[in-house]
Amino acid sequence: QVQLVESGGGLVQAGGSLRLSCAASGLAFSSYILGWFRQAPGKEREFVAAISRNGGLTSYADSVKGRFTISRDLSKNTVYLQMNSLKPEDTAVYYCATADVPYVKRFNSDNYNYWGQGTQVTVSS
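Structure report, in brief. Nothing here was measured: the structure is a model prediction, and the numbers come from that model.

Applying the stated criterion across every chain yields a total of 1 disulfide. For Cys 22, the disulfide goes to Cys 96, at an S-S distance of 1.9 Å. Taking the sign of the S-S torsion, about 50° here, the bridge from Cys 22 to Cys 96 comes out right-handed. With Cys 22 in strand S3 (residues 18-25) and Cys 96 in strand S9 (residues 92-99), this residue pair connects regions lying 74 residues apart in the sequence.

Turning next to the pattern of salt bridges. Per the stated rule, a full pass over the model turns up 5 salt bridges. In this structure, the salt-bridge partner of Arg 38 is Asp 90, at a minimum N-O distance of 2.9 Å. Linking Arg 38 in strand S4 (residues 33-39) with Asp 90 in the loop between strand S8 (78-83) and S9, this pair joins segments that are 52 residues apart in sequence. Here Arg 38 falls in the buried class, since its relative accessible area comes to 5%. Salt bridges linked by common partners bring Arg 38, Glu 46, Arg 67 and Asp 90 together as one network.

Next up on the list: the pairing of S8. Summarising burial for S8: 5 of the 6 residues are buried, a large majority. Of the strand pairs in this sheet, S3 and S8 are connected by 6 bridges, and their pairing is antiparallel. Its bridge partner being in S8, Ala 23 is matched across the sheet by Thr 78. In this sheet, S8 lies alongside strand S7 (residues 68-73) in antiparallel orientation, the contact comprising 6 bridges. Looking across to S8, one finds that Phe 68 is bridged to Met 83. In textbook terms, the turn of a hairpin is the stretch between consecutive antiparallel strands, and for S7 and S8 this stretch comprises 4 residues, one of which, Asn 77, has a positive phi near 50°.

This part takes up the packing of aromatic side chains. For any two aromatic rings, the description comes down to two numbers: the centre-to-centre distance and the angle of the planes. Using the criterion set out here, one finds 7 aromatic pairs in the structure. Relative to Trp 115, the ring of Phe 37 has its centre 5.2 Å away and its plane inclined at 55°; by these criteria the two rings are tilted. Taken together, the residues span a long stretch of sequence, with Phe 37 in strand S4 and Trp 115 in strand S10 (residues 112-115) at a distance of 78 residues. Taking the ring centre of Tyr 95 as reference, the NZ or CZ of Arg 45 above it sits at 4.2 Å. Positioned above the aromatic ring of Trp 115 is the side chain of Arg 45, whose terminal nitrogen or guanidinium carbon lies 4.4 Å from the ring centre.

Looking at where Glu 6 falls in the secondary structure, it is placed in strand S1 (residues 3-7). Summary of buried charges: Glu 6 has no salt-bridge partner, and the nearest side chain of opposite charge, Arg 45, is 8.1 Å away. A distance of 2.8 Å separates the side chain of Glu 6 from the backbone nitrogen of Cys 96, its partner in a polar contact. A polar contact is formed between the side chain of Glu 6 and the backbone nitrogen of Gln 117, at a distance of 2.9 Å. Those residues in contact with Glu 6, other than ones at most four positions away along the chain, are Ser 21, Cys 22, Trp 36, Tyr 94, Tyr 95, Cys 96, Gly 116, Gln 117, Gly 118 and Thr 119.

What counts, and at which threshold
Residues numbered from 1 in each chain as written. Predicted model: local features only at pLDDT ≥ 70, side-chain atom pairs only at ≥ 80, totals over all residues. Heavy atoms only, no water. Disulfide = S-S within 2.5 Å. Helix = DSSP H or I, 4+ residues; strand = E, 2+ residues; numbered from the N terminus. Salt bridge = Lys/Arg side-chain N within 4 Å of Asp/Glu carboxyl O. Buried < 20%, exposed > 50% of the residue type's maximum accessible area, 1.4 Å probe, protein only. Pairing = 2+ DSSP bridges. Phe/Tyr/Trp six-rings, centres within 6.5 Å; stacked < 30°, edge-to-face > 60°. Lys NZ or Arg CZ within 6 Å of the ring centre and 35° of its normal. Lys, Arg positive; Asp, Glu negative; His and termini not counted. Polar contact = N/O pair within 3.5 Å; in protein donor to acceptor, adjacent residues only side chain to side chain. Contact = heavy atoms within 4.5 Å.

Here's what the structure looks like:
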């Protein structure tokens, strides 16, 4: 049974930092692209970041580029999202997900097959 369990969300002031973690089990972790998405109230789920199977390639939404960093630890079956210089507009539920598609298809949430339950990130102004 595949499980993705996110942690690390919370309430932080604007300008602060959080690190999200997503621990995976029940799958061949290194065989999947890992992605982070987020969904704010009343908005559609949007792409945040993705990392390739070996961790050598990363991609970011323009809105988080330079502030967020995605990484993965193959020995721990865990993917991370380091979020710095947080802004109120970063407030959302953050989800990690896996995709078994070519890396070029990383931006589309429809290509991701397993999802975590989500973790709330709230940034106060």
